[in-house]
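The chain contents come next:
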Amino acid sequence: MSQNKYKLPEDVRVTAINMVRGYDRRRAWYHAAREAILYATPCRYITYTVTVDGRRETRRQYFDPGSVPGSPTEDKGVRLILLEETVEVRRMQAVEQALLRVALDIPDDAQREKIRRAVCDSCLEGRHFVFEHRNLCVSKATFYRKRNKFLYDVAISTEFL
């Protein structure tokens with residue numbers, strides 16, 4: 001039997017690490033897309049270009065809510081559901097959920113958060129990560145066991161395994 005029960009194939013391990021590295025980008029994109037949906041105007045419009053005095057101007061023609069079939073509120077709900085089902089959002093949520101499961105056996109919240117941050121940093125920094133500079137309450141072997149379990153959880157959540 002393997003010494004590491006959370007052993008991943010190399011390609012899956014690299015993919016999981018890259019999901020962690022892209023987490024901040026995905027989170028920023030998700031919040032921007034969500035805000036665009038929530039705070040968009042309920043009126044529909046078309047954009048067109050006209051030439052005035054030799055200059056091109058972009059203008060919008062707005063339609064009354066009654067002139068376009070459908071409900072703006074229902075439309076926002078459907079768009080939010082579609083946003084939640086995208087691959088990028090599922091990957092972002094997989095990293096978030098796996099981070100919440102890291103170091104649950106540590107009773108101190110501050111130490112647990114320190115370990116979570118270190119696990120995330122070890123994925124981001126790669127070989128430049130120095131365990132000894134983190135002053136964690138766990139041994140190096142335990143830390144890397146927790147990191148391997150974290151990557152395993154990310155891979156399972158995104159159905160790479």
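Above this text sits the structure in question.
A brief structural summary. Computed from a predicted model, the values in this text were never measured in an experiment.

### What about the side chain of arginine 147?
Okay, so step 1: If you trace the backbone, arginine 147 turns up in helix α6 (residues 140-157).
Okay, so step 2: Although arginine 147 lies buried, it forms no salt bridge, and the closest oppositely charged side chain, glutamate 10, sits 9.3 Å away as judged by the N-O distance.
Okay, so step 3: Apart from residues lying up to four places away in sequence, arginine 147 is in contact with Arg13, Ile17, Val119, Ser122 and Cys123.

### Here's the deal with the environment of leucine 136
Okay, so step 1: As for its position among the elements, leucine 136 is in the loop between α5 (109-125) and α6.
Okay, so step 2: Residue class for leucine 136 comes out buried when judged on its relative accessible area of 13%.
Okay, so step 3: Once the C-alpha coordinates of leucine 136 and alanine 118 are considered, the two residues, 18 residues apart in sequence, prove to be 8.6 Å apart.
Okay, so step 4: Not counting residues within four places of it along the chain, the set of residues in contact with leucine 136 comprises Gln111, Lys114, Ile115, Ala118, Phe131 and Phe143.

### Concerning the side chain of arginine 112
Okay, so step 1: On the secondary structure map, arginine 112 appears in helix α5.
Okay, so step 2: Leaving out residues up to four positions away in the same chain, arginine 112 has contacts with Val102, Ala103, Leu104, Ile106 and Pro107.

### What to know about the state of the cysteines
Okay, so step 1: Tallying each qualifying case throughout the model produces zero disulfides.
Okay, so step 2: Between cysteine 123, a cysteine without a disulfide, and cysteine 120, which holds the nearest cysteine sulfur, the sulfur-to-sulfur distance is 6.5 Å.
Okay, so step 3: For cysteine 123, a relative accessible area of 0% translates into the label buried.

### Let's talk about unusual backbone geometry
Okay, so step 1: The phi angle at aspartate 53 is positive, at roughly 55°, despite the residue not being glycine.
Okay, so step 2: Secondary-structure assignment places aspartate 53 in the loop between β1 (45-52) and β2 (55-62).
Okay, so step 3: Here the phi dihedral of alanine 103 falls at roughly 60°; this positive angle occurs in a residue that is not glycine.
Okay, so step 4: Among the structural elements, alanine 103 can be located in the loop between α4 (87-100) and α5.

### Topic: the pairing of β2
Across a regular strand the side chains alternate sides, sitting on one face of the sheet and then on the other.
Okay, so step 1: The pairing of β1 with β2 spans eight bridges and is antiparallel. Note on β2: the bridge partner recorded for tyrosine 48 is arginine 59.
Okay, so step 2: Where β1 folds back onto β2 in an antiparallel hairpin, the turn is made up of two residues, including aspartate 53, whose phi is positive at roughly 55°.

### Points about the pattern of salt bridges
Okay, so step 1: According to the stated counting rule, one finds 18 salt bridges in the structure shown.
Okay, so step 2: Across the salt bridge formed by arginine 26 and glutamate 88, the nearest N and O atoms sit 2.8 Å from each other. A residue pair is termed long-range when its members are at least 10 positions apart, and arginine 26 in helix α2 (residues 23-38) and glutamate 88 in helix α4 qualify at 62 residues.
Okay, so step 3: Here glutamate 88 falls in the partly exposed class, since its relative accessible area comes to 25%.
Okay, so step 4: Notably, a salt bridge pairs arginine 90 with glutamate 159, separated by 3.9 Å at the nearest N-O pair. Taken together, the positions of arginine 90 in helix α4 and glutamate 159 in the segment after α6 put the pair 69 residues apart, joining distant regions of the chain.

Calculation notes
Residues numbered from 1 in each chain as written. Predicted model: local features only at pLDDT ≥ 70, side-chain atom pairs only at ≥ 80, totals over all residues. Heavy atoms only, no water. Helix = DSSP H or I, 4+ residues; strand = E, 2+ residues; numbered from the N terminus. Buried < 20%, exposed > 50% of the residue type's maximum accessible area, 1.4 Å probe, protein only. Lys, Arg positive; Asp, Glu negative; His and termini not counted. Salt bridge = Lys/Arg side-chain N within 4 Å of Asp/Glu carboxyl O. Contact = heavy atoms within 4.5 Å. Disulfide = S-S within 2.5 Å. Pairing = 2+ DSSP bridges.

Remember, this is a structural readout, not a statement about activity or role.
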